[in-house]
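Report on the structure
Residue strings, one per chain:
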Amino acid sequence: MKPALKKINSAFFPLFIILGGYIVPGTNNTPLGTVLVFLSALVFFCLKRNKSLYLNKLNNKLILFFILYIAAQQVFVLAVFPTIPFGAHIKNLLMNVLAIFAILILPEAMDEEGLERSYLVFGLIACLGLLLQTFQVYVLHGLTRMIVLPGMGSFLSEGTRNYIDYSYNRGRPSAFFTEPSAFATFLAPLVIMMLRKGKLFVAAIASICMLLSTSTIGIFLVGAIWAYWVMFTVPKKGQRVIAIFLFLAACIWIFNSPLFAKAITKLLNTNLLSNERSASALTILRQMPFMDILTGIGGTNVSNYIYSIRQMNMSDVAVTSQGYVTSGFGNFIIYGLLGGLLYIHLCIKMAIKADKWSRLIALLILVLSFVQTITFNLSGIQWFVFYALMRKSEAARISDKDGENR
């Protein structure tokens, strides 16, 4: 039963990520993809005889300590901010526990080879959707919006529908995702897996699609992943020189190609650390009382905190971004000084203890945390699960080599 369940989990995990933009009908915007991920982890956990959790011991302890700290913090913050509804703290704590549960269980509940195959299928389908949208925008000079999966229109929240209508006027390709950055974040692990297996053509196709999305984060991810491949994974010095030459030639072509002009212009005019959510978080941190920074605000809604509890001046931040924060800065707001530092410490420890490709994933998690919201949501689960799977695979290969040497 367990091997079959691993194959099922591996086959559907990429689809669950895509379904993150949909909600469970009749709920208060509960993401459908997140629920399906939790259920797949729970089913595997219940059917597995050995209930031990997988993640390397150091990170396992750090993550469990992090959730114990958050649980204690919720109780403390309830006393500090008695006006915050008790239910908000409970919901926040529950979602955090479930996310960490999924991160600990799913690497054991999936087969790496099966996940690679399914990710390749869903990734190429997403690329095809984006290429069709690109043709519509750049060749037909039309507009485009998120491709809604057949029969799934009723699973979209009202906010998502409004955002899709808004993004239609901007005409940026995003395939099956609400925005280009979500598409790029979904596709990045596929590029890493393909480079790791030496499948450069597929990695190049996926990378080109990420660039065509015009996502700033996508451009950063493409550059970071390929630069890492050139500098740290190409084995021989002569091959590395050739790879560096080809990488630089590709960069020159991309920067001068009219096909990517919109994406490059956007990148050159953007500071990754001064995006709207980072600006919102920094504005809040500057106005927070020192004791609030120490304790964090717990499970309360950030908008409720800045408007109802502290009446902050957010005039320097775009109205659409007020109350939204990136994880790197937002962890300090929500979980306090210790919680923010614990998260950064966890990412650094993950990178130190990792090998080649898993180290790249750990570093990307840390960087993306300061430009996206990924702590304990579906995107964060995706990245942490890939990190753990990569660690597991690398440990198995080292073990096999040691066995052969003996």
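Note that the structure is a prediction, hence the values are computed from the model and not measured. (Residues numbered from 1 in each chain as written. Predicted model: local features only at pLDDT ≥ 70, side-chain atom pairs only at ≥ 80, totals over all residues. Heavy atoms only, no water.)

1. Focus on the overall build of the protein
When you go through the protein residue by residue, the secondary structure sums to 17 helices and zero strands. Burial statistics for the protein: of 406 residues in total, 50% are counted as buried. (Helix = DSSP H or I, 4+ residues; strand = E, 2+ residues; numbered from the N terminus. Buried < 20%, exposed > 50% of the residue type's maximum accessible area, 1.4 Å probe, protein only.)

2. Considerations on the side chain of Thr 233
For Thr 233, the location among the structural elements is in helix H9 (residues 216-233). Within the structure, the side chain of Thr 233 is placed 2.6 Å from the backbone oxygen of Trp 229, a separation counted as a polar contact. (Polar contact = N/O pair within 3.5 Å; in protein donor to acceptor, adjacent residues only side chain to side chain.)

3. Quick look at the packing of aromatic side chains
Evaluation of the coordinates by the stated rule reveals twelve aromatic pairs. Between Phe 177 and Phe 183, the aromatic rings sit 6.3 Å apart at their centres with planes inclined by 65 degrees, giving edge-to-face as the arrangement. Grouping residues by exposure puts Phe 177 and Phe 183 together as buried. Plain terms: the ring middles of Trp 226 and Trp 229 are 5.4 Å apart, the flat faces sit at 80 degrees to each other, and that makes the pair edge-to-face. Residue Trp 226 and its partner Trp 229 are both found in helix H9; the two are separated by three residues, about one turn of the helix. Look at Trp 229 and you get buried, because its relative accessible area is 16%. Members of the aromatic cluster, connected to one another through ring pairs, are Phe 13, Tyr 119, Phe 177, Phe 183, Phe 186 and Phe 386. (Phe/Tyr/Trp six-rings, centres within 6.5 Å; stacked < 30°, edge-to-face > 60°.)

4. So, the pattern of salt bridges
Side chains carrying opposite charge are able to pair once their charged atoms draw close together. The final tally for this structure, using the stated rule, is five salt bridges. One salt bridge connects Lys 199 with Glu 116, and the closest N-O pair in it is separated by 3.5 Å. Residue Lys 199 is located in the loop between helix H7 (180-196) and helix H8 (200-212), and its partner Glu 116 is located in helix H5 (residues 112-139); the two are separated by 83 residues in the primary sequence. With a relative accessible area of 37%, Lys 199 lands in the partly exposed category. (Salt bridge = Lys/Arg side-chain N within 4 Å of Asp/Glu carboxyl O.)

5. Remarks on the confidence of the model for the protein
Residues at a pLDDT of 70 or more form 83% of the protein, whose mean pLDDT is 82. Mean pLDDT across the secondary structure elements of the protein bottoms out at helix H11 (residues 261-268), with 69, and peaks at H7, with 94. (pLDDT = per-residue confidence, 0-100.)

6. Quick word on the environment of Lys 61
Along the polypeptide, Lys 61 turns up in helix H3 (residues 57-80). With relative accessibility at 63%, the residue Lys 61 sits in the exposed group. Spatially, the C-alpha atom of Lys 61 lies 10.0 Å from that of Leu 346, the residues being 285 residues apart in sequence.

7. Comments concerning unusual backbone geometry
One can expect most non-glycine residues to show negative phi and most peptide bonds to be in trans. The phi torsion at His 141 lies on the positive side, around 55 degrees, for a residue other than glycine. Phi at Phe 376 takes a positive value of approximately 65 degrees, unusual for a residue other than glycine. If you trace the backbone, Phe 376 turns up in the loop between helix H16 (356-369) and helix H17 (378-405).

8. Digging into the side chain of Asn 331
Residue placement: Asn 331 occurs in helix H15 (residues 327-352). Within the local environment of Asn 331, its side chain forms a polar contact with the side chain of Thr 375, the two groups lying 3.3 Å apart. Sequence-distant contacts of Asn 331, that is, excluding residues within four places in its chain, are made with Thr 326, Gly 336, Gly 340, Tyr 343 and Thr 375. (Contact = heavy atoms within 4.5 Å.)

9. Quick look at H8
Its 13 residues place the ends of H8 18 Å apart at the C-alpha level, agreeing with the 18 Å of an ideal helix rising 1.5 Å per residue. Within the span of H8, buried status applies to Val 202, Ala 203, Ala 206, Ser 207, Cys 209, Met 210, Leu 211 and Leu 212. Following H8 by one or two positions, Thr 214 adopts a phi angle in the positive range, close to 65 degrees. (Expected span 1.5 Å × (residues − 1).)

10. Re the packing of H5 against H8
As a packed pair, H5 and H8 sit with axes 10 Å apart at the nearest point and diverge in direction by 45 degrees. When the axes of H5 and H8 are compared, the pair comes out oblique. Crossing of H5 against H8: the hand is left-handed. Between H5, through Leu 120, Leu 124, Cys 127, Leu 130, Leu 131, Thr 134 and Tyr 138, and H8, the contact on the second element is made entirely by Val 202, Ala 206, Cys 209 and Leu 212. Along the lines of polarity and charge, the residues of the contact of H5 with H8 split into ten nonpolar, one polar and no charged. (Axes fitted to C-alpha atoms, helices over the stretch in contact; angles between N-to-C directions. Parallel < 35°, antiparallel > 145°, perpendicular 65-115°, else oblique. Left-handed = near helix turned anticlockwise from the far one by under 90°. Nonpolar A, V, L, I, M, F, W, Y, C, P; charged D, E, K, R; others polar.)

11. Here's the deal with the environment of Leu 132
With respect to the element layout, Leu 132 can be found in helix H5. Along the sequence, Leu 132 and Pro 173 sit 41 residues apart, while their C-alpha atoms lie 8.8 Å from each other.

12. A word on the state of the cysteines
Under the definition given, this model contains zero disulfides. Of all cysteine sulfurs, the one in Cys 127 lies closest to Cys 209, which takes part in no disulfide; the gap is 3.7 Å. Judged by its relative accessible area of 2%, Cys 209 falls in the buried class. (Disulfide = S-S within 2.5 Å.)

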